[in-house]
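# Report on the structure
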Amino acid sequence: MALTDVSVLLVEDDSVFRQLLADFLIQQGAVVFEACDGDEGVSEFQSHTVDVVIADLSMPRLGGLGMLKQILKINPAIPSIVISGNNVMADVVEALRYGASDYLVKPVADLKIIEQAIEQAISPANTDLGAIDFSDSHAVINSAANMSQDLSYQELADNFTLLEHNAEAAKSVQQQLFPASNVSYPTAQIHYSLCKNSDVSAYFIDSTMVGDNHLIMYMAHFHPEDNRAAFGCVLLRSFVNQKLKLFRNGLSTTLVEPFSMLSYLNDRMVNSGLNLYVDIVYVAVELTHYRAAIGQAGGGLRCYLRNGTGLAPLAISESLQLGTVEWNKPSMQFRTLMPNEKICIASNISHHRNRLMNNQFDGLFYDEELPAGGFIELEFV
């Protein structure tokens, strides 16, 4: 049987669905431990050795996302699959960021889908972009979370072409990657506003905590400015997620080192063979002493310090865009931030800087009358 001796922790508050799924998994040869909420799930995770966790995101007491954060601290190497009953993509994307390998949407029409998801989760080498249906935006997000380091040019190019010519899929995929306009972390908040004047934004922002002491954020501008930018967002997010998982497993500190991270991203973009080029500003902040390391590649984006008197641009010289074969190294700047200072990245357009100064944080929005671009701001709390 396909799941012989695979140990599964099943965390689900719907007792009927939990029993149905547990019976199915046992029939496939799995050993199943059950829990009815996140608190019980954490307890079961600590009590048993498991190969994979399956968790509903929406549960009373401690939900699936809160549970994932706790078990990540216990053993970050165990893959997880989340099940969403309300299809709130912000929760799903957050779960993927916290290490979930895959997600499924209720109702699950065929339990074989869950069996296949388990097989993929415990055998990451089996996941590649060659199997993605880019008309299914859920599949793109799933595969982005698991993307292999050894993707072939042909696998990338085939699916890149599909997304390039499918505007609706590109729009859907990209919208699911953007967070809410305000993201709260334990000691900081991220606010942003990005205007797009076509279906797909050529600009992308992202941020995440890295361990307990670091926070990273970045803003990217893709060229060409067409549907392919959506694929660029998927690539960029997945490459960052790979390094995040390595950091959590104690295997790499690249994610909090902008020089190393941008060098890595350039290698990945060049090796993709897709002729995507990226302007990017990448910031890593050590939160204990408010030390910021800022790396920049390309032009068109600027990094600023903001205080009560206005915006002060940091003197960072331009370098070649990511994705360029001749690329050498990023431009770097290091700062110790004052508690009342905010650090911002913005497109080099006065209209967006004015909106930033007026605290117009609207998330991703569409306005064909405004120039494309925007800004992201980190504020300490």
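Residues numbered from 1 in each chain as written. Predicted model: local features only at pLDDT ≥ 70, side-chain atom pairs only at ≥ 80, totals over all residues. Heavy atoms only, no water.

Taking an unreviewed UniProt entry as the reference, the chain is identified by name as Response regulator belonging to Shewanella electrodiphila.

Before going further, it helps to spend a moment on the environment of Gln-242. Tracing the backbone through its elements, the reader meets Gln-242 in helix α9 (residues 228-248). Between the C-alpha atom of Gln-242 and that of Leu-255, which follows or precedes it by 13 residues, the distance is 9.4 Å. (Helix = DSSP H or I, 4+ residues; strand = E, 2+ residues; numbered from the N terminus.)

Attention now goes to the side chain of Ser-207. Inspection of the secondary structure puts Ser-207 in strand β8 (residues 203-210). A polar contact of 2.8 Å, which involves the side chain of Ser-207, links it to the side chain of Tyr-185. (Polar contact = N/O pair within 3.5 Å; in protein donor to acceptor, adjacent residues only side chain to side chain.)

A few words on the layout of surface pockets. Rolling a probe over the atoms, with the probe sized like a water molecule, indicates the empty space that remains. One number sums up the size of the largest pocket: a volume of about 780 Å³. Lys-69, Glu-94, Tyr-98, Tyr-185 and Met-209 are the residues nearest the centre of the largest pocket, which is lined by 33 residues in total. At the level of secondary structure, the elements contributing two or more residues to the lining of the largest pocket comprise α3 (64-74), α4 (89-97), α8 (167-177), β6 (182-184), β8 and α9. In terms of residue class, the lining of the largest pocket is made up of 16 nonpolar, eight polar and nine charged. (1 Å grid on protein atoms, 1.4 Å probe; cavity = no way out; pocket = protein on both sides within 12 Å on 5 of 7 lines; lining within 4 Å. Points joined across faces, edges and corners; volume = space filled by probe spheres on them. Nonpolar A, V, L, I, M, F, W, Y, C, P; charged D, E, K, R; others polar.)

What follows covers the sheet that holds strand β5 (residues 100-105). Ordered in space as β2-β1-β3-β4-β5, the five strands form an open sheet in which the pairing is parallel. Strands with a single pairing partner mark the edges of an open sheet, and in this sheet they are β2 (31-35) and β5. Across this sheet, the average inter-strand angle for adjacent strands is 20°, counted without regard to direction. Looking at chain direction, strand β3 (residues 52-56) and strand β4 (residues 80-84) are connected through four bridges and run parallel. Along β4, the bridge assignment pairs Ala-55 with Val-82. (Pairing = 2+ DSSP bridges. Axes fitted to C-alpha atoms, helices over the stretch in contact; angles between N-to-C directions.)

What follows covers the environment of Ala-312. With respect to the secondary-structure elements, Ala-312 resides in strand β13 (residues 310-313). Given the relative accessible area of 39%, Ala-312 is considered partly exposed. Each C-alpha atom of the pair Ala-312 and Ile-343 lies 9.7 Å from the other, and the pair is 31 residues apart in sequence. Every residue in contact with Ala-312, bar those within four places of it in the chain, is listed here: Cys-303, Tyr-304 and Leu-305. (Buried < 20%, exposed > 50% of the residue type's maximum accessible area, 1.4 Å probe, protein only. Contact = heavy atoms within 4.5 Å.)

Let's shift gears to the pairing of strand β15 (residues 342-347). A large share of β15 lies buried, amounting to six of its six residues. A two-sided burial pattern is seen for β15, the buried positions comprising Lys-342, Cys-344 and Ala-346 on one face and Ile-343, Ile-345 and Ser-347 on the other. Direction of pairing for strand β12 (residues 301-307) relative to β15: antiparallel, over a ladder of six bridges. Along β15, the bridge assignment pairs Arg-302 with Ala-346. Inspection of the sheet shows β15 paired to strand β17 (residues 373-380) by four bridges, in the antiparallel sense. Its bridge partner being in β17, Ile-343 is matched across the sheet by Leu-378.

Their axes nearest at 11 Å, the elements α9 and helix α10 (residues 258-272) cross at an angle of 130°. If you check the angle between α9 and α10, you find them oblique. Here α9 runs over α10; the crossing is right-handed. Here Leu-235, Leu-236, Phe-239, Val-240, Gln-242 and Lys-243 of α9 lie close against α10, whose contacting residues are Met-261, Tyr-264, Leu-265, Arg-268 and Met-269. Of the residues contributing to the contact of α9 with α10, the split by class is eight nonpolar, one polar and two charged. (Parallel < 35°, antiparallel > 145°, perpendicular 65-115°, else oblique. Left-handed = near helix turned anticlockwise from the far one by under 90°.)

So, about the nonpolar core. The biggest cluster of nonpolar side chains holds 65 residues, and the ones touching the most others in it are Leu-265, Ile-280, Val-283, Ile-294, Ile-343 and Leu-378. Ranked by residues supplied to this core, first place goes to α9 with 10 residues. The contact partners of Ile-294, leaving out residues within four places of it in the chain, are Pro-258, Val-281, Tyr-282, Val-283, Cys-303, Leu-314, Ile-316, Ser-331, Met-332, Gln-333, Arg-335 and Ile-343. The next biggest cluster of nonpolar side chains, apart from the first, holds 25 residues, and it includes Ala-35, Ala-55, Met-59 and Leu-62. (Core = buried A, V, L, I, M, F, W, Y, C linked by side-chain atoms within 4.5 Å.)

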